[in-house]
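# Structural overview for review
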Amino acid sequence: MTRAVRMVITGLAVLIAGCGTVERMWSGGPTEQKRVRPGVTEFSCDSNKKLLVRFDAGSKSAWVIFPEREFRLDQVSGASGVQYSNGRTTLATQGDEASLEEGSVVTYVNCKRSAA
């Protein structure tokens, strides 16, 4: 075996060892871990949607958390349950259930608080 071949084999061995396991390298990487921040409530909604909300009782507001953005809704008076709105988007909650309406379209419906 030539010196160049040995160097290539050694380099590949080091590369593979640095990647973790060979299985992970061929399986597309590690499985994604569920990453819900502390203080955030997760709701499971129709159409397999997830709604993440952080309620701030001190300021009577709720933060809706999407992967690409977060925004605050302030508590408003509602017919039943508790509602939060910014004039365009409204989060309605009642007990362990929620729905989110953006404009005049309900985008998250039949949302149930997920078990911790």
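What you are looking at is a predicted structure, and each value in this text was computed from that prediction instead of being measured.

What follows is about the layout of surface pockets. Left-over empty space is what a probe sized like a water molecule reveals as it rolls over the atoms. There is about 160 Å³ of room inside the second largest pocket. In terms of lining, the second largest pocket is formed by Ser80, Gly81, Val82, Gln83, Ala92, Thr93, Gln94, Glu97, Ala98, Ser99, Asn110 and Cys111. Of all the elements in the fold, those that place two or more residues in the lining of the second largest pocket are strand E5 (82-85), strand E6 (89-94), strand E7 (97-102) and strand E8 (105-113). Taken together, the residues that form the lining of the second largest pocket break down as four nonpolar, seven polar and one charged.

Moving on to the pairing of E8. On a regular strand, one side chain projects to one face of the sheet and the next to the other, so that they alternate. Of the strand pairs in this sheet, strand E1 (residues 41-45) and E8 are connected by two bridges, and their pairing is antiparallel. By the bridge assignment, Phe43 is partnered in E8 with Arg113. With five bridges connecting them, E7 and E8 associate as antiparallel partners. In the strand pairing of E8, Leu100 is matched with Tyr108. Taking the residues that link successive antiparallel strands as the turn, the E7-E8 hairpin has two residues, and the phi of Gly103 there is positive, at about 70°.

Turning our eyes to something else, we now look at the packing of aromatic side chains. Applying the stated rule across the entire model yields three aromatic pairs. With centroids separated by 5.7 Å and ring planes inclined at 50°, the aromatic side chains of Phe55 and Tyr84 adopt a geometry described as tilted. Note that Phe55 is positioned in strand E2 (residues 49-56) and Tyr84 in strand E5, a separation of 29 residues in sequence. Residue classification places Phe55 among the partly exposed residues on the basis of a relative accessible area of 29%. Ring plane angle 25° and centroid distance 5.8 Å describe the contact between Phe66 and Tyr108, whose orientation is recorded as stacked. One end of the pair, Phe66, is in strand E3 (residues 61-66); the other, Tyr108, is in strand E8, and 42 residues separate them in sequence. This pair shows no difference in class: Phe66 is buried, exactly as Tyr108 is.

This part is about the pattern of salt bridges. If you walk through the whole model with that rule in mind, you get five salt bridges. Residue Lys50 is joined to Glu42 by a salt bridge in which the shortest nitrogen-to-oxygen separation is 3.7 Å. The class of Lys50 is partly exposed, set by a relative accessible area of 47%. Exposure remark for Glu42: the relative accessible area of 12% places this residue in the buried category. A salt bridge links Arg69 to Glu102, with the nearest nitrogen and oxygen atoms 3.4 Å apart. One end of the pair, Arg69, is in strand E4 (residues 69-76); the other, Glu102, is in strand E7, with 33 residues separating them in the sequence.

Here E7 shows one buried face, formed by Ala98, Leu100 and Glu102, and one open face, formed by Glu97, Ser99 and Glu101. Across six bridges, E6 lies against E7 in antiparallel orientation. The residue of E7 that forms the bridge with Gln94 is Glu97. The turn joining E6 and E7, which pair antiparallel and follow one another in sequence, is formed by two residues; a positive phi near 65° is taken by Gly95.

Quick notes on the rules
Residues numbered from 1 in each chain as written. Predicted model: local features only at pLDDT ≥ 70, side-chain atom pairs only at ≥ 80, totals over all residues. Heavy atoms only, no water. 1 Å grid on protein atoms, 1.4 Å probe; cavity = no way out; pocket = protein on both sides within 12 Å on 5 of 7 lines; lining within 4 Å. Points joined across faces, edges and corners; volume = space filled by probe spheres on them. Helix = DSSP H or I, 4+ residues; strand = E, 2+ residues; numbered from the N terminus. Nonpolar A, V, L, I, M, F, W, Y, C, P; charged D, E, K, R; others polar. Pairing = 2+ DSSP bridges. Phe/Tyr/Trp six-rings, centres within 6.5 Å; stacked < 30°, edge-to-face > 60°. Buried < 20%, exposed > 50% of the residue type's maximum accessible area, 1.4 Å probe, protein only. Salt bridge = Lys/Arg side-chain N within 4 Å of Asp/Glu carboxyl O.

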